[in-house]
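Descriptive structure summary
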Amino acid sequence: MTSGNQTWLQRSAHSVWHPCSQMKHHEALPLVPVKRGEGVWLEDFDGKRYLDGVSSWWVNLFGHNHPQIKTAIIEQLHQLEHVILAGFTHEPVIQLSERLSSLTGLGHSFYASDGASATEIALKMSFHYWRNHGQDAKNRFLSLQNGYHGETLGSLSVTDVALFKETYASLLRESVQLPSPDWRLAGPGEDARQYALRCAEQAGNYIAQHHDSIAALIVEPLVQCATGMAMYHPIYLQRLREICDRYEVHLIADEIAVGFGRTGTMFACEQANIRPDFICLSKGITGGYLPLSVVQTTDEVYAAFYDDNITRGFLHSHSYTGNALACSAALATLDIFAQQDVLNSNRRKAAYLNQQLAAWDDLPISQLRNTGMIWAFDVVDSQPGFQQRFYQAALQRGLLLRPMGNTVYFMPPYIITESEIDFMLEQTVAVLKDSI
Ligand SMILES: *Cc1c(COP(=O)(O)O)cnc(C)c1O
């Protein structure tokens, strides 16, 4: 790195408080200054390139510097950048709501700018729905062990990551976590489906006893991403749908990470053939270009708020709700899905990647798993500090991967080519074979 870069980095570490980081660690671990992006590649100021194997925290679906998304934003910029969405409306937000509802079957879209806010909105709406129906006692939320739904106080209450949660425990609302259907937790002789059914039964038992006080159950469909890419059988979601219907509990599908093709279908819930009462979307929704999130819900929920009385309405708001530029990026992203047969092309890429992985042997790994365009494995006997060492060793080899504990995962942009897949896998093997 040049000395010019060095000062730049020092300035960043002094003035920018980076997310999900102990800033003191950056005394030893330099920040990576990114000058530009192109396709799956990020480039620093010295011209060194890094393959973005995590889609810039799971948001970038079609690569950096995508001409179609860029053009859509520029065109929108000439028309209208943003307008207050209370009392006003605009073409991109209407179009996006209509197109999303034709994809999810949920007709009413409420917007925010990030995933955690979408979680907050779904929780508040669910509670308020029951309240509008005279069932104020339904004021608790259920989520799953090892679930992640964001880190604002409300969303952290339903998140189950000790590292993020324990410090703030006294600020959080109590919530209950049901057993995770993660198939790695199956008992001896039990397959993924049987284990999912066993977890669903436990969920059913809990809900049967406590439904009078429960507003909603929030889950990440098919893959619990933030806690190590835990994957599970879709039968679990089918059973939850039945249980929630039987006991009048809302089912919230947090598809913030898994939505928009990541699990192989446009939305993960499709693989269980269920429709949730609320779906939370964000991350990939704009192709990774601009912050946007949305909560979609049913006619029935919407109707419960529709009244002459203002306090029966949903008064929640964010300044940038329904931002026109972000909506135009989302529309361009949906256009790419519609025009380019993305899901089929992803299927072929996934088959290619799996074929390469099948040739892996003699590596200290276990539980190799794949759902759609997500791959993960756990490193056996990893030593303390593995996560940091792997991250740095991969970066040196031009590959951006961020292990979670001893889990290494790939979540590349969908435009990754076969030779880029080869590069990603070769560098990963090389790092695993170095003594880390
Ligand atoms: C990332 C994520 C969130 C939070 O989204 P932010 O935009 O980071 O607030 C919520 N739920 C899931 C499943 C996520 O992966």
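The shown structure was predicted, so the numbers you read here are calculated from the model rather than taken from an experiment. (Residues numbered from 1 in each chain as written. Predicted model: local features only at pLDDT ≥ 70, side-chain atom pairs only at ≥ 80, totals over all residues. Heavy atoms only, no water.)

Re the UniProt feature "modified residue: N6-(pyridoxal phosphate)lysine" (unreviewed entry) in the protein chain
Here the UniProt feature "modified residue: N6-(pyridoxal phosphate)lysine" (unreviewed entry) sits at Lys283. Within the secondary structure, Lys283 is located in the loop between strand E11 (278–281) and strand E12 (293–297). (UniProt positions renumbered as here; feature names shortened; annotations may be inferred. Helix = DSSP H or I, 4+ residues; strand = E, 2+ residues; numbered from the N terminus.)

A word on the site of the ligand
With respect to spatial proximity, the complete set of residues near the ligand consists of Trp58, Asp114, Gly115, Ala116, Tyr148, His149, Gly150, Glu220, Asp254, Ile256, Ala257 and Lys283. Contact distances for the ligand include 2.8 Å between an oxygen atom and a backbone N or O atom of Ala116. Contact between the ligand and Lys283: an oxygen atom at 2.6 Å from a side-chain N or O atom of the residue. Out of a free accessible area of 380 Å², the ligand has 83% covered by protein chains. The class makeup of the residues in the shell around the ligand is five nonpolar, three polar and four charged. (Near = heavy atom within 4 Å. Polar contact = N/O pair within 3.5 Å; in protein donor to acceptor, adjacent residues only side chain to side chain. Areas by Shrake-Rupley, 256 points an atom, 1.4 Å probe, with all protein chains shown as cover. Nonpolar A, V, L, I, M, F, W, Y, C, P; charged D, E, K, R; others polar.)

With respect to the sheet that holds strand E3 (residues 49–52)
Read across the sheet, four strands follow the order E1-E2-E3-E15 without closing on themselves; strand pairing throughout is mixed. Edge positions in the open sheet fall to strand E1 (34–38) and strand E15 (399–400), since each of these has one partner strand only. (Pairing = 2+ DSSP bridges.)

Quick look at the UniProt feature "binding site: pyridoxal 5'-phosphate" (unreviewed entry) in the protein chain
Per the UniProt record, the feature "binding site: pyridoxal 5'-phosphate" (unreviewed entry) sits at Gly115, Ala116, Asp254, His318 and Ser319. What stands out for the annotated residues spanning 205 residues is how far apart their C-alpha atoms range, the widest pair being 22.6 Å apart. Filtering the just-named annotated residues for those lining the second largest pocket gives His318 and Ser319. Mapping Asp254 onto the fold places it in strand E10 (residues 250–254). (1 Å grid on protein atoms, 1.4 Å probe; cavity = no way out; pocket = protein on both sides within 12 Å on 5 of 7 lines; lining within 4 Å.)

Remarks on the pattern of salt bridges
Tallied over the full model, the rule gives 14 salt bridges. When the shortest N-O distance is used, the salt bridge between Asp182 and Arg184 registers 2.9 Å. Exposure remark for Asp182: the relative accessible area of 3% places this residue in the buried category. Judged by relative accessible area, which is 23%, Arg184 ranks as partly exposed. Between Glu190 and Arg198 there is a salt bridge whose closest N-O contact spans 2.7 Å. Connected via shared salt-bridge partners are Asp182, Arg184, Arg369 and Asp378. (Salt bridge = Lys/Arg side-chain N within 4 Å of Asp/Glu carboxyl O. Buried < 20%, exposed > 50% of the residue type's maximum accessible area, 1.4 Å probe, protein only.)

Some details on the domain arrangement of the protein chain
By domain assignment, the protein chain separates into domain 1 (32–65 + 341–435) and domain 2 (69–339). Centre-to-centre separation of domain 1 and domain 2, based on C-alpha positions: 27 Å. Across the boundary between the two partners, domain 1 contributes 32 residues, which contact 26 residues of domain 2. The largest contributions to the domain 1 side of the interface with domain 2 come from Trp58, Phe62 and Arg369, which together make up 23% of the buried area. (Domains from an automatic or database assignment. Contact = heavy atoms within 4.5 Å. Buried area = accessible area lost by both parts, 1.4 Å probe.)

With respect to the sheet that holds strand E16 (residues 407–410)
With antiparallel pairing, the three strands of this open sheet are ordered in space as E13-E14-E16. Each edge of the open sheet carries a strand with a single partner, namely strand E13 (365–371) and E16. Taking the axes of each pair of neighbouring strands and ignoring which way they run, one obtains an average angle of 15 degrees across the sheet. Across four bridges, the pairing between strand E14 (residues 374–379) and E16 is antiparallel. When the bridges of E16 are listed, Trp375 appears paired with Phe410. Its contacts with the sheet place helix H12 (residues 342–358) against E13 and E14, and it is angled at close to 20 degrees to E14. (Axes fitted to C-alpha atoms, helices over the stretch in contact; angles between N-to-C directions.)

A few points about unusual backbone geometry
In this model, Met229 sits at a positive phi of 50 degrees, which is unusual for a non-glycine residue. On the secondary structure map, Met229 appears in the loop between strand E8 (223–224) and strand E9 (230–231). You can call Met229 buried: its relative accessible area is 0%.

Side note on the side chain of Lys349
Within the secondary structure, Lys349 is located in helix H12. In this structure Lys349 is buried but unpaired, with Glu420 as the nearest side chain of opposite charge at 7.2 Å. Once residues lying within four places of it in the same chain are set aside, the contact partners of Lys349 are Met373, Tyr414, Ile415, Ile416 and Ile421. (Lys, Arg positive; Asp, Glu negative; His and termini not counted.)

Re the packing of aromatic side chains
This model, assessed by the stated rule, comprises 15 aromatic pairs. Ring geometry for Phe62 versus Phe337: centroids 5.3 Å apart, planes at 70 degrees, classification edge-to-face. Taken together, the positions of Phe62 in the loop between helix H2 (55–58) and helix H3 (67–79) and Phe337 in helix H11 (residues 324–340) put the pair 275 residues apart, joining distant regions of the chain. Where Tyr302 meets Tyr306, the ring centres are 5.8 Å apart and the plane angle is 40 degrees; that geometry is what we call tilted. Tyr302 gets classed as partly exposed once you look at its relative accessible area, which sits at 42%. A relative accessible area of 64% places Tyr306 in the exposed class. Taken together, the ring pairs in this structure connect Phe62, Phe337 and Tyr414 into an aromatic cluster. Looking at Lys138, its charged tip hangs above the ring of Trp130, at a distance of 4.6 Å from the centre. (Phe/Tyr/Trp six-rings, centres within 6.5 Å; stacked < 30°, edge-to-face > 60°. Lys NZ or Arg CZ within 6 Å of the ring centre and 35° of its normal.)

Things to note about H11
Over its 17 residues, H11 runs 24 Å from end to end, which matches the ideal 24 Å to within 8%, given 1.5 Å per residue. When you tally the buried positions in H11, you get 13 out of 17 residues, the bulk of the element. Between the side-chain oxygen at the start of H11 and the backbone nitrogen of Leu325 there is a gap of 3.2 Å, and the oxygen is on Asn323. (Expected span 1.5 Å × (residues − 1).)

Things to note about the nonpolar core
By size, the foremost hydrophobic cluster in this structure holds 109 residues, and its most contacted members are Leu96, Leu100, Leu217, Cys225, Met229, Tyr236 and Phe260. No other element matches H11, which puts 10 residues into this core. A domain split of this core shows at least three residues from each of domain 1 (32–65 + 341–435) and domain 2 (69–339). Every residue in contact with Leu100, bar those within four places of it in the chain, is listed here: Tyr111, Phe260, Leu281, Ile285, Val294, Gln296 and Leu334. The next biggest cluster of nonpolar side chains, apart from the first, holds 23 residues, and it includes Ala122, Ile252, Phe278 and Ala304. (Core = buried A, V, L, I, M, F, W, Y, C linked by side-chain atoms within 4.5 Å.)

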